[in-house]
Amino acid sequence: MKTIDDLDVAGRRVFVRADLNVPLSGETITDDGRIRAVAPTIAKLAQSGAKVIVASHLGRPKGAPDPQYSLAPVARRLAELLGRDVAFATDTVGESARATVAELGDGQVALLENLRFNAGETSKDDAERGAFADALAALADRYVGDGFGAVHRKHASVYDLPARLPHAAGQLIATEVGVLKRLTEEVSRPYAVVLGGSKVSDKIGVIENLLDKADRILIGGGMVFTFLKAKGYEVGSSLLQEDQIPVVQEYLERAEKAGVEFVLPVDVAVSGSFPDVKTGAPVADFEVVPADAMPEGKLGLDIGPESGRLFAAKLADAATVFWNGPMGVFEHPAFAEGTKAVAQGLLDSPAFTVVGGGDSAAAVRTLGFDETKFGHISTGGGASLEYLEGKTLPGLAALED
Ligand SMILES: Nc1ncnc2c1ncn2[C@@H]1O[C@H](COP(=O)(O)OP(=O)(O)O)[C@@H](O)[C@H]1O
Ligand SMILES: O=C(OP(=O)(O)O)[C@H](O)COP(=O)(O)O
């Protein structure tokens, strides 16, 4: 893989595919970790005299403009972090983008509007994705891939665009791959993997490969309820991946045969409705119930305190831990305790610890933990999980020569 040092960028229009998918509360960025992570690559390109065109997705809009997913607040924060102006194009490949790029001088930086405001970005149809990649390619002369959090997506700006331009990997991707590679080559055991979060359908399949690699798999977050249901328990109206129940049953059987330990919560914090994470208003009907006796109609929103202690104990004697996905809806204080227990468990463990994922990394920082105390905080959750599985990631393959 070439790096940006191998690319002639001075005076050229350089497209940087970043992952600026940061958590927002209205227009306020609640954690800017992903912007800080890619800023050095952008700064270096600007210093080298490139006309830097930064692009990213934010959230999951449905292929059309949607103001709640605008990157405008990110452009403002990026400008602050770089200490230089960042021009913001209000579209991705339209008139505003073309004019913004045309006005860029050497060493100047622009950010395009959300790539996913265009259906071509995420399309499964090669021709539709290719047409959008053509439109992006027309804006630039060079491509730098540095959106590690999105390299597992076969999307136009991640996979198709680098095929159309001379390309290289940015500094963030180089660092991420360097650290994660170590985990695929020489893992000190016991190796524990903690999985949670809300992208259940994306991540449940990852367990298939982890069964051959991990010694212990701890399940929290929204993923728990498919496991509890697979064991025959009531899960109320919690997040559930109904079609994956037989798959999970098979995982549980295979794990038992292979001597891999699944650790499931023994208690769950529930409420009748999703909490107001914006105001953090108290939850009137908060209750902790045994994991095998959830009341009907209630939502499971965190692992309970006994589970927090159990999970921490299961991490205490691990030698390597990879963690992706918060244990609960940590954005609300009533449901942050499980995530705190796992974060503290990681800090108390002598293990080499890798935390991956936009929200997991944000949780560690916003809940007050010192990020320097973890072995590595990856900007990608799904991306790092799939990398550790040994899969070929479209956005990394595309950067190879
Ligand atoms: N039990 C749950 N029900 C619904 N959402 C949950 C639950 N537990 C965690 N979450 C949510 O999961 C989100 C993070 O999931 P995900 O995107 O998969 O993690 P990451 O970004 O770290 O990869 C958080 O916003 C959190 O509120
Ligand atoms: O937040 C992300 O992934 P992550 O939650 O697995 O860390 C990336 O920005 C990818 O976003 P996507 O899962 O909507 O493709």
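Structure shown above.
What you are looking at is a predicted structure, and each value in this text was computed from that prediction instead of being measured. (Residues numbered from 1 in each chain as written. Chains lettered and ligands numbered in written order. Predicted model: local features only at pLDDT ≥ 70, side-chain atom pairs only at ≥ 80, totals over all residues. Heavy atoms only, no water.)

Some words on the nonpolar core
Thinking step 1. Among the nonpolar cores identified, the biggest contains 68 residues, and Phe15, Ile207, Ile217, Ile219, Phe227 and Phe262 are the most heavily contacted of them.
Thinking step 2. Residues within four places of Ile217 in sequence aside, it is in contact with Val193, Ile207, Leu210, Leu211, Val260, Glu261, Phe262 and Val263.
Thinking step 3. Residues Leu7, Val9, Val54 and Val109 belong to the second largest nonpolar core, which totals 30 residues. (Core = buried A, V, L, I, M, F, W, Y, C linked by side-chain atoms within 4.5 Å. Buried < 20%, exposed > 50% of the residue type's maximum accessible area, 1.4 Å probe, protein only. Contact = heavy atoms within 4.5 Å.)

Remarks on the site of ligand 2
Thinking step 1. Around ligand 2, the structure places 15 residues, and the nearest of them are Arg60, Arg116, Arg153, Lys199 and Gly382.
Thinking step 2. Between ligand 2 and Lys199, the relevant distance is 2.8 Å, taken from an oxygen atom to a side-chain nitrogen or oxygen of the residue.
Thinking step 3. Backbone polar atom of Gly358 to an oxygen atom of ligand 2: 3.0 Å apart, as the coordinates give it.
Thinking step 4. When the free accessible area of ligand 2 is taken as 390 Å², the share hidden by the protein chains comes to 96%.
Thinking step 5. For the shell around ligand 2, the per-class residue count stands at no nonpolar, 8 polar and 7 charged. (Near = heavy atom within 4 Å. Polar contact = N/O pair within 3.5 Å; in protein donor to acceptor, adjacent residues only side chain to side chain. Areas by Shrake-Rupley, 256 points an atom, 1.4 Å probe, with all protein chains shown as cover. Nonpolar A, V, L, I, M, F, W, Y, C, P; charged D, E, K, R; others polar.)

What to know about the sheet that holds strand β11 (residues 261-263)
Thinking step 1. Across the sheet, 6 strands lie side by side as β11-β10-β9-β15-β16-β17; this open sheet has parallel pairing. A strand with exactly one partner marks an edge of an open sheet, and here the two such strands are β11 and β17 (376-378). In this sheet, adjacent strand axes meet at a mean angle of 15° when their direction is disregarded.
Thinking step 2. Inspection of the sheet shows strand β9 (residues 191-195) paired to strand β15 (residues 320-324) by 5 bridges, in the parallel sense. (Pairing = 2+ DSSP bridges. Helix = DSSP H or I, 4+ residues; strand = E, 2+ residues; numbered from the N terminus. Axes fitted to C-alpha atoms, helices over the stretch in contact; angles between N-to-C directions.)

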